[in-house]
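Fold and geometry: a report
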Amino acid sequence: MNLATMSLIRYLLANYPYSDELSASRLTKMMYLIDWKSAIENGRQVTDAKWFFNHYGPYVDDFIEYAIQSADIDVNDSVTVLGGAKRLISLKNKNNDLPVLDPEVKTLADFVINVTKTKHYQDFINLVYSTYPVMTSERYSNLDLVESARRYKSMS
């Protein structure tokens, strides 16, 4: 995983306003939304993720593996209000110096935080599932966000 991706994860953990809702699933899908928006606007992903459309939507293990291995990130297993398992991700100390993001990446991250922060989990998932790559791809297939963005933009 590249340094820019690690910095982005740390930025989201430091700036997402509802840390009790920042599950592994939400963090991963926020990274997906940032990559998707970047693919549309810039013709490239921010991360080096190889996105896969599994039964829970766009997914990669990389971000959570990084969180688990990072000395300054907590990964705690918890339970949803419906009794299901969830894994919460948080910075151990939000006051530590965080890497500075490229202004373009910061703008994308702030946009995704602002759009998603008021969404309950199901609404958040509905947003992710309404994106063009998910709507036009088969489950259990790789998602090429840059190619999907090219097709998406050619339709408008």
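Structural notes, computed from the coordinates. (Residues numbered from 1 in each chain as written. Predicted model: local features only at pLDDT ≥ 70, side-chain atom pairs only at ≥ 80, totals over all residues. Heavy atoms only, no water.)

**Describing the overall build of the protein**
- When its secondary structure is counted, the protein shows seven helices and five strands.
- Whereas a compact globule of 156 residues would reach a radius of gyration of roughly 15 Å, the protein reaches 15 Å, a difference of no more than 12%.
- Counting only residues that meet the buried cut, the protein has 41% of its 156 residues in that class.
- Look at the contacts in the protein between residues 6 or more apart in sequence, and 63% of them connect residues 24 or more apart.
- Summed over its atoms, the accessible surface of the protein is roughly 8500 Å², and 51% of this surface lies on carbon and sulfur atoms.
- Separation between the mean location of the 17 positive side-chain charges and that of the 19 negative ones in the protein comes to 4 Å. (Helix = DSSP H or I, 4+ residues; strand = E, 2+ residues; numbered from the N terminus. Rg over C-alpha atoms; globule rule 2.2 N^0.38 Å. Buried < 20%, exposed > 50% of the residue type's maximum accessible area, 1.4 Å probe, protein only. Contact = heavy atoms within 4.5 Å. Areas by Shrake-Rupley, 256 points an atom, 1.4 Å probe, with all protein chains shown as cover. Lys, Arg positive; Asp, Glu negative; His and termini not counted. Charge placed at Lys NZ, Arg CZ, Asp CG, Glu CD.)

**Considerations on the sheet that holds strand β5 (residues 141–142)**
- Here we have three strands laid out as an open sheet, ordered β2-β1-β5, and antiparallel in their pairing. Whereas interior strands pair on both sides, the edge strands pair on one side only; in this sheet they are β2 (57–59) and β5.
- Of the pairings in the sheet, the one linking strand β1 (residues 52–54) to β5 comprises two bridges and is antiparallel in character. Across the sheet, F53 pairs through a bridge with S141, a residue of β5. (Pairing = 2+ DSSP bridges.)

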